[in-house]
Amino acid sequence: MHTPDNDDDSRLTELEIRLALQDDLLQSLNDTVAALNRTVALQQAQLRLLYQKLQEKSADGGTDGFAPADEIPPHY
C-alpha cells in the first residue's frame, strides 16, 4: 500500500542520491580542471624557456638563426 509519506520519503532518498552523485562528479571535474591548469602552466613555462634560449642564441651572433639539427640531445 502506497502512502503519501512513503512516496515522499522515496523521492527524498532519490534526490539525496542524485545530489551525492552530482557532488562527486563536480569534485572529479574540478580535480581534472586543476590538473589541466597545472599542465598548461608547465607547458607555458617550458615554451618561455625555449623562446629565451632561442633569443640568446640569436643574440650571440648566430646569423643563420636556430637550426634544430645543430642541437645535440643530452643522451648523445
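The shown structure was predicted, so the numbers you read here are calculated from the model rather than taken from an experiment.

## Some points on the overall build of the protein chain
Here is step 1 of the chain: Tallying secondary structure elements over the protein chain gives one helix and zero strands in all.
Here is step 2 of the chain: Looking at the protein chain residue by residue over its 76 residues, the buried ones come to 0%.
Here is step 3 of the chain: As presented, the protein chain carries roughly 7,200 Å² of accessible surface, and 58% of it is formed by carbon and sulfur atoms.

## Let's talk about the UniProt feature "coiled-coil region" (unreviewed entry) in the protein chain
Here is step 1 of the chain: UniProt annotation of "coiled-coil region" (unreviewed entry) refers to residues 12-46 when read in the numbering used here.
Here is step 2 of the chain: Its end C-alpha atoms 51 Å apart, residues 12-46 is made of 100% helix and 0% strand.

## A short note on a negative patch on the surface
Here is step 1 of the chain: Taken together, D5, D7, D8 and D9 make up a surface patch of like negative charges.
Here is step 2 of the chain: In this structure, D8 sits in helix α1 (residues 4-59).

Cut-off values and rules
Residues numbered from 1 in each chain as written. Predicted model: local features only at pLDDT ≥ 70, side-chain atom pairs only at ≥ 80, totals over all residues. Heavy atoms only, no water. Helix = DSSP H or I, 4+ residues; strand = E, 2+ residues; numbered from the N terminus. Buried < 20%, exposed > 50% of the residue type's maximum accessible area, 1.4 Å probe, protein only. Areas by Shrake-Rupley, 256 points an atom, 1.4 Å probe, with all protein chains shown as cover. UniProt positions renumbered as here; feature names shortened; annotations may be inferred. Patch = residues over 30% accessible without salt bridge, like charges linked within 9 Å, V, L, I, M, F, W, Y side chains within 5 Å. Salt bridge = Lys/Arg side-chain N within 4 Å of Asp/Glu carboxyl O. Lys, Arg positive; Asp, Glu negative; His and termini not counted. Charge placed at Lys NZ, Arg CZ, Asp CG, Glu CD.

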